[in-house]
Amino acid sequence: MIEAFPVKGLRGRLTANAPLGARAWFRTGGPADWLFVPEDVDDLADLLRNRPTDLPLTVLGACSNVIIRDGGIEGVVVRLARGFSDIQVEADGIIAGAAALDVTVAEHSAAAGLAGLEFLVGIPGSIGGAVRMNAGAYGSDIKAVLDWAEILTSEGELHRLSCEELGFDYRHSELPDGAIVIRARLRGTPDNPEAIRERLAEIRASREASQPVRARTGGSTFRNPEGHKAWALVDEAGCRGMMLGGAQVSEKHCNFLLNIGDATSEQLETLGETVRQKVLEQSGIDLHWEIRRIGRRTTGEKTI
């Protein structure tokens, strides 16, 4: 634990030994050594410019697609909140802050009669994370709609990057190391607002029918390998419903892990690794995690 925070003069909210588990969709995980909620972009830039190089920094968004390990997170965790959640509607697109929820952006787009962003209503999380991982669902992804994203570099410099400069690939972007997404512009196409709202309703109904959306989960656990569906590989390996303590592979959609009561992050991650091994043995395919696993497995361990 750091005795005193090494950066002075920050205006945002700074909390030592801050619990994180309640913020995560799995409702598991240990505390942050320090949790910083910056007031605005300048406040965050001050932290980045002045932090010691040996102070680890982790950015958390909506915590929807992450396992925070039981030992917590070393250094400082940055959580973007109100100062980063503005949504600005333009004639042919939306500029959304990194903390704006994907579903909220989709709803604003529908109200403005802008089509093309409906897929966001099917993605749990926020715009910053969506840009970082090129989030996608229901036939589209961020790469298909992004004009630019503004980032702060690890040195606190503000830059605007085009879609091409971000080098999007499947569930991947080429953001510079240590960069933090601040806001992004997403293109939309004028359409009838009622027609857009109907498409949003269809996506919501599809998610409700096929995914455990009301459970303590983290969204899709594994990326789809080229030419395959991760859930089908998990099912064929006999892992549907598999349990470890309070962790379970969803019976409704077996590319989802669940905390069905009192799971630990270690149980969730170990269950995921067990599934990966069984799929590899059954099909020869090595599944890759889509969920981020961050922090220390035990208190006192270095963050990995």
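About the thresholds
- Residues numbered from 1 in each chain as written.
- Predicted model: local features only at pLDDT ≥ 70, side-chain atom pairs only at ≥ 80, totals over all residues.
- Heavy atoms only, no water.
- Phe/Tyr/Trp six-rings, centres within 6.5 Å; stacked < 30°, edge-to-face > 60°.
- Helix = DSSP H or I, 4+ residues; strand = E, 2+ residues; numbered from the N terminus.
- Buried < 20%, exposed > 50% of the residue type's maximum accessible area, 1.4 Å probe, protein only.
- Lys NZ or Arg CZ within 6 Å of the ring centre and 35° of its normal.
- Salt bridge = Lys/Arg side-chain N within 4 Å of Asp/Glu carboxyl O.
- Pairing = 2+ DSSP bridges.
- Axes fitted to C-alpha atoms, helices over the stretch in contact; angles between N-to-C directions.
- Contact = heavy atoms within 4.5 Å.
- Arc of directions from axis to C-beta.

## A short note on the packing of aromatic side chains
Here is step 1 of the chain: Tallied over the entire structure, the rule returns 2 aromatic pairs.
Here is step 2 of the chain: Geometrically, the ring pair formed by Phe 5 and Trp 34 is edge-to-face, given 5.2 Å between the ring centres and 65° between the ring planes. In this pair, Phe 5 is assigned in the segment before strand E1 (13-18) and Trp 34 in strand E2 (residues 32-37), connecting sequence segments 29 residues apart. Across the pair, exposure class does not vary: Phe 5 and Trp 34 are buried alike.
Here is step 3 of the chain: Ring geometry for Phe 222 and Trp 289: centres 5.3 Å apart, planes at 55°, overall tilted. On the criterion of sequence distance, the pair formed by Phe 222 in the loop between strand E15 (216-220) and helix H6 (230-236) and Trp 289 in the loop between helix H7 (265-283) and strand E19 (292-294) is long-range, its members being 67 residues apart. Taken individually, Phe 222 and Trp 289 each receive the classification buried, so the pair is uniform in this respect.
Here is step 4 of the chain: The ring of Trp 148 carries the charged tip of Arg 160 above its face, separated from the ring centre by 3.7 Å.

## Regarding the pattern of salt bridges
When charged atoms on two side chains of opposite charge get close, those side chains can pair.
Here is step 1 of the chain: The tally for this structure, following the rule as stated, stands at 20 salt bridges.
Here is step 2 of the chain: Notably, a salt bridge pairs Glu 107 with Arg 204, separated by 2.6 Å at the nearest N-O pair. Note that Glu 107 is positioned in helix H2 (residues 102-111) and Arg 204 in helix H5 (residues 193-210), a separation of 97 residues in sequence.
Here is step 3 of the chain: For Arg 204, a relative accessible area of 37% gives the class partly exposed.

## Some remarks on the sheet that holds strand E12 (residues 158-162)
Here is step 1 of the chain: If you trace the 5 strands from one edge of the open sheet to the other, you get E6-E7-E13-E11-E12, paired in antiparallel fashion. Both outer strands of the open sheet, strand E6 (87-90) and E12, are each paired with one neighbouring strand and no more. Sheet twist, expressed as the average angle between the axes of neighbouring strands with direction ignored, equals 15°.
Here is step 2 of the chain: With 5 bridges joining them, strand E7 (residues 93-97) and strand E13 (residues 180-187) adopt antiparallel strand pairing. When the sheet's bridge partners are listed, Gly 93 is paired in E13 with Arg 187.
Here is step 3 of the chain: Seen against the sheet, H2 touches E6, E7 and E13 and runs at an angle of roughly 150° to E7.

## Quick look at unusual backbone geometry
Here is step 1 of the chain: The backbone of Cys 63 shows a phi angle near 60°, a positive value even though the residue is not glycine.
Here is step 2 of the chain: When you line up the elements, Cys 63 lands in the loop between strand E3 (57-60) and strand E4 (66-68).
Here is step 3 of the chain: Accessibility expressed as a relative area gives 6% for Cys 63, which makes it buried.
Here is step 4 of the chain: Located in the positive-phi region is Tyr 138, a residue other than glycine, with phi close to 50°.
Here is step 5 of the chain: Looking at where Tyr 138 falls in the secondary structure, it is placed in the loop between strand E9 (136-137) and strand E10 (140-141).

## Points about H2
Here is step 1 of the chain: Within H2, the full set of buried residues consists of Asp 102, Val 105, Ala 106, Ser 109 and Ala 110. In a view along the axis of H2, the buried residues occupy a sector of 135°, so they form one face of it.
Here is step 2 of the chain: Those residues of H2 that are buried are in contact with E6, E7, strand E8 (114-115), helix H3 (127-132), E13 and H5.
Here is step 3 of the chain: Directly after H2, the chain includes Gly 113, whose backbone phi takes a positive value near 70°.

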